[in-house]
Amino acid sequence: MTHDSRLKTKELQTRCSWATSDPLYIKYHDEEWGKPVYDDKILFEFLLLEGAQAGLSWITILKRRENYSKAFAIFEVEKVAAFDDQDVERLLNDPGIIRNKLKVNGAITNAKLFIEVQKEFGSFSKYMWGFIPDGKPIENNVERMSDVPAKTELSDAISKDMKKRGFKFFGTTICYAFMQATGMVNDHLLNCCAR
């Protein structure tokens, strides 16, 4: 098999329909989305990015992911939690991210709360995965993308608990997207190459 035919085969594979022809989206779909994440740093990155995404398309954030990494101290939660008014001003003038004051302040608030959760549970990962029955990813049998819910009773419960703790931009729909992104649930189509 030549290199070209291998590439062609990869392109012809069945994927979830949201993974459009954009190479960035395909790479994210194939290598990250739905893969279980237990690392607190990556969980914090997704918490921040999902909050930034509220009301926007995921590709909008994905294309700015590198900018977010630079703007938010490579997703070092302690550094983000220590951001002050000068940092907020810097972020609101950064064209590489979504310059929304509520979202910027929400990211800083969430960083502080993330650390509180780490202290209480030993890690943010233990807290989040503690909501999942048996702590194992929920494998959904998805035949069509229209079968994928926007939220579930579980995302309602997690979101409610996080809101009670003061987390911002983490309603049940964002929570469910976070769960999908971090592999707490596997919503890849049954015939998807990334399943």
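Residues numbered from 1 in each chain as written. Predicted model: local features only at pLDDT ≥ 70, side-chain atom pairs only at ≥ 80, totals over all residues. Heavy atoms only, no water.

**Student:** Break down the environment of N93 for me, with residues and values.
**Tutor:** With respect to the helices, strands and loops of the structure, N93 is situated in the loop between α7 (85-92) and α8 (101-121). Note: C-alpha distance between N93 and I74 (19 residues apart in sequence) is 18 Å. (Helix = DSSP H or I, 4+ residues; strand = E, 2+ residues; numbered from the N terminus.)

**Student:** Explain the environment of E32 to me, and be specific about the residues and the numbers.
**Tutor:** In this structure, E32 sits in the loop between α2 (23-31) and α3 (40-53). With relative accessibility at 26%, the residue E32 sits in the partly exposed group. A sequence separation of 149 residues divides E32 from A181, and the C-alpha atoms of the two residues are 7.1 Å apart. Among all residues touching E32, those that are not within four sequence positions of it are K27, F46, R65 and A181. (Buried < 20%, exposed > 50% of the residue type's maximum accessible area, 1.4 Å probe, protein only. Contact = heavy atoms within 4.5 Å.)

**Student:** A description of α7 should follow, citing residues and the corresponding values.
**Tutor:** Looking at α7, one finds that the buried residues are D87, V88 and L91. The arc enclosing the buried residues of α7, seen along the axis, measures out at 100 degrees, which places them on a common side. Residues of α7 that are exposed and angled more than 90 degrees away from the buried face: D85 and Q86. Capping the start of α7 is the job of one residue whose side-chain oxygen sits 3.1 Å from the backbone nitrogen of Q86: D84. (Arc of directions from axis to C-beta. Polar contact = N/O pair within 3.5 Å; in protein donor to acceptor, adjacent residues only side chain to side chain.)

**Student:** Account for the side chain of N186, with residues named and values stated.
**Tutor:** Mapped onto the elements of the fold, N186 is located in strand β2 (residues 185-186). From its side chain, N186 meets the backbone nitrogen of H188 in a polar contact 3.0 Å long. Excluding residues that lie within four positions of it along the chain, N186 makes contacts with I138, E139, N140 and R195.

As far as function goes, none of this settles anything; it's purely spatial.
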